[in-house]
Amino acid sequence: MSIDRAVLLFAGFMVLASLALTYFVHPGFVWLSVFVGANLMQSAVTGFCPAAMALRKLGLRPGAAF
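Everything in this summary refers to the structure shown in the same document. Note that the coordinates shown come from a computational prediction; the quantities given were computed from them, not determined experimentally.

1. Concerning the packing of helix 1 (residues 3-24) against helix 2 (residues 30-46)
Right, on to step 1. Here helix 1 crosses helix 2 at 160 degrees, and the two axes come no closer than 7 Å. Regarding the angle of helix 1 to helix 2, the classification is roughly antiparallel. At the point where helix 1 passes helix 2, the crossing takes the left-handed sense. Only Val30, Leu32, Ser33, Val36 and Leu40 of helix 2 make contact with helix 1, whose side of the interface consists of Ala11, Met14, Val15, Ser18, Leu19 and Thr22.
Right, on to step 2. Partitioning the contact of helix 1 with helix 2 into residue classes produces eight nonpolar, three polar and no charged.

Following this line, the structure appears as structure tokens:
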């Protein structure tokens, strides 16, 4: 699995997890979805993604974007 796909998988998981937490635990968890979305937009504009850096250190192979 490339870093690109792992970042997308991680972001999707975080959005779904935050929506479940918002529904079942507390409405304040919606801000986690906001953070993930803002990080995805910032990554698209600047090319900097902290999750991609962490996944690279874990040994995933680079993809086209990161």
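2. Notes on the packing of helix 1 against helix 3 (residues 50-57)
Geometry of a packed helix pair, given as the angle between the helix axes and the separation of the axes.
Right, on to step 1. Their axes nearest at 10 Å, the elements helix 1 and helix 3 cross at an angle of 125 degrees. With respect to each other, helix 1 and helix 3 are oriented oblique. For helix 1 against helix 3, the interelement crossing comes out right-handed. In this structure, helix 1 contributes Ile3, Ala6, Val7 and Phe10 to the contact, and helix 3 contributes Ala51, Ala52, Leu55 and Arg56.
Right, on to step 2. The residue makeup of the contact of helix 1 with helix 3, split by class, is seven nonpolar, no polar and one charged.

3. With respect to the packing of aromatic side chains
Right, on to step 1. Summed over all chains, the structure comprises one aromatic pair.
Right, on to step 2. Residues Tyr23 and Phe24 carry aromatic rings whose centres are separated by 4.8 Å and whose planes lie at 85 degrees to one another, so their mutual orientation is edge-to-face. Of the two residues examined, Tyr23 and Phe24, each falls in the exposed class.

4. Remarks on the environment of Gly12
Right, on to step 1. Tracing the backbone shows Gly12 in helix 1.
Right, on to step 2. According to the relative accessible area criterion, Gly12 is partly exposed, its value standing at 31%.
Right, on to step 3. Between the alpha carbons of Gly12 and Val36 there is a distance of 8.9 Å; along the sequence they are 24 residues apart.

Calculation notes
Residues numbered from 1 in each chain as written. Predicted model: local features only at pLDDT ≥ 70, side-chain atom pairs only at ≥ 80, totals over all residues. Heavy atoms only, no water. Axes fitted to C-alpha atoms, helices over the stretch in contact; angles between N-to-C directions. Helix = DSSP H or I, 4+ residues; strand = E, 2+ residues; numbered from the N terminus. Parallel < 35°, antiparallel > 145°, perpendicular 65-115°, else oblique. Left-handed = near helix turned anticlockwise from the far one by under 90°. Contact = heavy atoms within 4.5 Å. Nonpolar A, V, L, I, M, F, W, Y, C, P; charged D, E, K, R; others polar. Phe/Tyr/Trp six-rings, centres within 6.5 Å; stacked < 30°, edge-to-face > 60°. Buried < 20%, exposed > 50% of the residue type's maximum accessible area, 1.4 Å probe, protein only.

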